[in-house]
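Topology and contacts: notes
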Amino acid sequence: MEKVILKDVGKTIYREVLDNGLEIIIIPNPPYSKKKNFYYTYGTYYGALTNDFIPLDSNKMTSFPKGIAHFLEHKMFETKEGESPFEFYAKSGSYVNAYTSYKATCYVVTGNKKSIENLEYLLTFVNEPYFTLENIKKEQGIIDEELRMYDNNPDYLAFKCLCKNLYKNLPYNTTVGGTVDSIKAITKENLYSCYNTFYKPYNMFLVVGGAVDPDLIIKTTIRTLGKYKFPKATNIKRKDYREDVKVIKAYEELKVDAKVEKLALGYKMARANFPIKSDVLLDLYLNMITSLCFGSSSKFREMTRVRKLVSRSGYYFQNLGNIITFYAEIDSLNTEVFLKELEDYLANLKIDEADLERIKKVWISGEVIKTDYADTLVDNITDDLINYHQVITNYVELIKGMNITTMTEVIKALNFDNQALVRVKVD
């Protein structure tokens, strides 16, 4: 087992890659800790982005219904006989859940009793799929209702419409859950095809934290997975989606039952125009721009509140391969004035060195504080694996190295010309 040091924060974690390819990251509590909680995240690098790929034991690129990764996550909680995962974990007072993002699907268990039994069952139910025509039809009805329910939510409708208008090729143009029509097209055969391709140890990871013994975690995982015959590790071939920087539709209005006007804005820009090659470092700079220029204590947010232009607002960047997108989601009180102020502000973004150095200190303190919370570390390391396929051990070092010269270059690379706007007017 490899010891991994999280630099500058005094934390040691453990990493092991099993013979079957499963990567295990373990973050044990320090010996003096009296905390009893444990945290397990068992994930696969398969999410809503992957709808076109070459299935295992095939040589043909195949298209699958959008939303199938999320549908598959739901069906993993079906068992052929006996109690369901929810019933099993309820007996020990543990919590079990799962989530599907565009890049991954993760199964989460937390508790403070019977940690090894909890781990064994997690590794078991995720490796024993049970799909039937009956339970698929039932789930199609459930997700159909879920999707229709979301379509009554003005914020969801605005963002869904925005993504459709932003992206032509990237599957971000459809929500993680898919559409009513795409869900109807899911079959038992293509569920098994997706499962058999992506739910394999060499395409999965296990992140463990809290009151755990690293050696026992490894032994338990090897023993439990030893019940299954896995194929030899193979390179999964997925379609490479390339996205044009131009938006599909620049403006659209929706009229729905909303109490306040909603705005959803997206700005696409070419990743290649940024001076930083490392996605990890670029994401840090973009997140810092968001915090300094659009955070709760920023001058822009304060101005929009004082002048009563918005009642709620959120801003963030997303790194999508060859495209970087900046989003703004707004509850608007004065749309015309707000849009003009936002346009002027984006055209003149600036960060001074004093503010940069101040927030660097805040972020470094945050990295140190995180080490006291096993659940936070499990979540952060899971995010690292999903986004970068590695554990980032030197965040403090990277933050310390951030400088005003590079920040200015990143700001100069921002291009807000390619904009899509969705406006939800109060009906």
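What this report covers is the structure whose coordinates are included nearby. (Residues numbered from 1 in each chain as written. Predicted model: local features only at pLDDT ≥ 70, side-chain atom pairs only at ≥ 80, totals over all residues. Heavy atoms only, no water.)

The next subject is the pattern of salt bridges. If you walk through the whole model with that rule in mind, you get 25 salt bridges. For the salt bridge of Lys75 with Glu78, the shortest nitrogen-to-oxygen distance reads 2.8 Å. For Glu78, a relative accessible area of 24% gives the class partly exposed. The shortest N-O distance in the salt bridge between Lys425 and Glu253 comes to 3.6 Å. Of this pair, Lys425 sits in strand E14 (residues 418-426) while Glu253 sits in strand E10 (residues 251-256), and the two are 172 residues apart along the sequence. Three or more residues joined by partner-sharing salt bridges are found here, namely Asp155, Lys262, Arg312 and Asp331. (Salt bridge = Lys/Arg side-chain N within 4 Å of Asp/Glu carboxyl O. Buried < 20%, exposed > 50% of the residue type's maximum accessible area, 1.4 Å probe, protein only. Helix = DSSP H or I, 4+ residues; strand = E, 2+ residues; numbered from the N terminus.)

Moving on, we come to the state of the cysteines. Applying the stated criterion to the full structure yields 0 disulfides. Looking at the unpaired Cys161, the closest cysteine sulfur is the one in Cys163, lying at 9.4 Å. For Cys161, a relative accessible area of 5% corresponds to the buried category. Cysteine Cys194 shares no disulfide, and the gap to the nearest cysteine sulfur, in Cys106, comes to 17 Å. Classification of Cys194 as buried rests on a relative accessible area of 0%. (Disulfide = S-S within 2.5 Å.)

Strand order in the open sheet formed by 7 strands is E1-E2-E3-E9-E4-E8-E7, with mixed pairing between adjacent strands. In this open sheet, the two strands that pair with only one neighbour each are strand E1 (2-6) and strand E7 (95-100). For this sheet the average axis-to-axis angle between neighbouring strands, irrespective of direction, equals 20°. For strand E3 (residues 23-28) and strand E9 (residues 204-210), the ladder comprises 6 bridges, and the chain directions are parallel. Residue pairing across strands places Glu23 opposite Phe205, the latter belonging to E9. Strands in contact with helix H1 (residues 68-75) are E7 and strand E8 (105-111); relative to E7, the strand with the most contacts, it is inclined by about 165°. Contacting E1, strand E2 (11-17), E3, strand E4 (38-44), E7, E8 and E9, helix H13 (residues 374-388) runs over the sheet at an angle of about 160° to E9. (Pairing = 2+ DSSP bridges. Axes fitted to C-alpha atoms, helices over the stretch in contact; angles between N-to-C directions. Contact = heavy atoms within 4.5 Å.)

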